[in-house]
Amino acid sequence: MAQEQQGFTVWLTGMLGAGKTTLAEYIAARLRQVGRKVEVLDEDDLGEALWGEIEGSTKEERITIARRLGFTAELLTRNGVATLVAGTAPYKSVREENRRLIQRFVEVYVDCPTDDLIKRDTTGKYKKALAGEIPNFVGITEPYEPPNGAEVTIRSNTETVEDGGLRIFQALLDLTYMTSEELKIITGTRMKANPKPKKGKAGKAAKAEKAEKPKKEKKEKKEKKKKK
């Protein structure tokens, strides 16, 4: 393991009761096994400290909450901390904003059908929202915008925490945020990275130039015929 470890943020997004906190705590415990500095930022626990005056009942307030979580996660990440955020962050734009800010960022979408969330809800909030007792409730009367390009999507109604956790560790390995040696200690097996090929601007430009070449040659031939 490297002496100077680089931090990263795993942002678990999803609706209330989807299982974000459970997954965050599961991953955190195993990161500590390999000596990682770890912090869990749970939206449900940090309200008083980070946004005490904000209720989160409007879109603007929910964006502010996500930004404050992102700001805190970025501070921790650049100081070498493996940061796990369990935060709804229902809007794509602010999640992408946090991705750009933090950079070493893994988005995990914890997906679960609303019917299942209502059944497993122990807070009674979904029933109250459906009855109109809680206005502006995300997923019922306010939209939740699912990610299009999350590094990991976990369907918590069908997948176990262990299976979901393994896929998060695979993503961390693929992005080189963790080593295979670390993951062998955590999982008991040697995992192999599956790096995704990066499409650079140079590659795109070359491809575009190749596509334009026949058109250019055809145009030149026409011009030569006109001159004759």
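Since this is a predicted model, take the numbers as computed values, not measurements.

Rules of the game
Residues numbered from 1 in each chain as written. Predicted model: local features only at pLDDT ≥ 70, side-chain atom pairs only at ≥ 80, totals over all residues. Heavy atoms only, no water. Axes fitted to C-alpha atoms, helices over the stretch in contact; angles between N-to-C directions. Helix = DSSP H or I, 4+ residues; strand = E, 2+ residues; numbered from the N terminus. Parallel < 35°, antiparallel > 145°, perpendicular 65-115°, else oblique. Left-handed = near helix turned anticlockwise from the far one by under 90°. Contact = heavy atoms within 4.5 Å. Buried < 20%, exposed > 50% of the residue type's maximum accessible area, 1.4 Å probe, protein only. Pairing = 2+ DSSP bridges. Phe/Tyr/Trp six-rings, centres within 6.5 Å; stacked < 30°, edge-to-face > 60°. Lys NZ or Arg CZ within 6 Å of the ring centre and 35° of its normal. Expected span 1.5 Å × (residues − 1). Nonpolar A, V, L, I, M, F, W, Y, C, P; charged D, E, K, R; others polar. Salt bridge = Lys/Arg side-chain N within 4 Å of Asp/Glu carboxyl O.

S.K.: I'd like a description of the packing of helix H7 (residues 161-174) against helix H8 (residues 180-187), backed by residues and values.
M.R.: The N-to-C vectors of H7 and H8 enclose an angle of 165 degrees; their axes lie 10 Å apart at closest approach. Classified by the angle their axes make, H7 and H8 are roughly antiparallel. Crossing handedness for the pair H7 and H8: left-handed. In this structure, H7 contributes Leu166, Phe169 and Leu173 to the contact, and H8 contributes Ser180, Leu183, Ile186 and Thr187.

S.K.: I'd like to hear about the pairing of strand S3 (residues 82-86), residue by residue, with values.
M.R.: The buried count for S3 comes to 5 of 5 residues, which makes it a mostly enclosed element. Where strand S1 (residues 8-13) lies against S3, 5 bridges are found, and the strand directions are parallel. The partner of Val10 across the bridge, within S3, is Leu84. Relative to S3, strand S2 (residues 38-42) runs parallel, the two sharing 5 bridges.

S.K.: Explain the packing of aromatic side chains to me, using residue names and the numbers behind them.
M.R.: Under the defined criterion, the tally for this structure stands at 4 aromatic pairs. Ring geometry for Trp11 against Phe105: centres 6.3 Å apart, planes inclined by 35 degrees, an arrangement best described as tilted. With Trp11 in strand S1 and Phe105 in strand S4 (residues 105-111), this pair connects stretches of sequence that are 94 residues apart. Accessibility assignment for this pair places Trp11 and Phe105 in one class, buried. Centre to centre, the rings of Tyr109 and Tyr144 are 6.0 Å apart; their planes meet at 20 degrees, and the pair counts as stacked. Of this pair, Tyr109 sits in strand S4 while Tyr144 sits in the loop between helix H6 (125-130) and strand S5 (152-155), placing them 35 residues apart in sequence. Per residue, the accessibility class of Tyr109 equals that of Tyr144, and both read buried. If you follow Arg30 out to its NZ or CZ, it ends over the ring of Tyr26, 3.7 Å from the centre. The ring of Tyr91 carries the charged tip of Lys59 above its face, separated from the ring centre by 5.1 Å.

S.K.: Can you explain H7? Please cite residues and give values.
M.R.: End to end, H7 covers 20 Å across 14 residues, agreeing with the expected 20 Å (1.5 Å per residue, within 8%). Packing partners of the buried residues in H7 comprise S1, helix H1 (20-33), S4, S5 and H8. Backbone geometry just after H7 places Thr176 at a positive phi near 65 degrees.

S.K.: How would you summarise the packing of helix H3 (residues 59-77) against helix H4 (residues 92-102) if you had to cite specific residues and measurements?
M.R.: Running from amino to carboxyl end, H3 crosses H4 at an angle of 15 degrees, the nearest separation of the two axes being 9 Å. Our classification of the angle between H3 and H4 gives roughly parallel. The handedness of the crossing between H3 and H4 comes out as right-handed. Facing Ile63, Ala66, Arg67, Gly70, Phe71, Ala73, Glu74 and Thr77 of H3, the residues of H4 in contact are Val94, Glu97, Asn98, Leu101 and Ile102. Taken together, the residues that form the contact of H3 with H4 break down as 7 nonpolar, 3 polar and 3 charged.

S.K.: Before we move on, can you summarise the pattern of salt bridges with the specific residues and values?
M.R.: All chains considered together, the criterion is met by 10 salt bridges. The partner of Glu142 in a salt bridge is Arg62, with the nearest N and O atoms 3.4 Å apart. Taken as a pair, Glu142 in the loop between H6 and S5 and Arg62 in helix H3 lie far apart in primary sequence, 80 residues in all. Among the residues examined, Glu142 registers a relative accessible area of 23% and is labelled partly exposed. Accessibility expressed as a relative area gives 7% for Arg62, which makes it buried.

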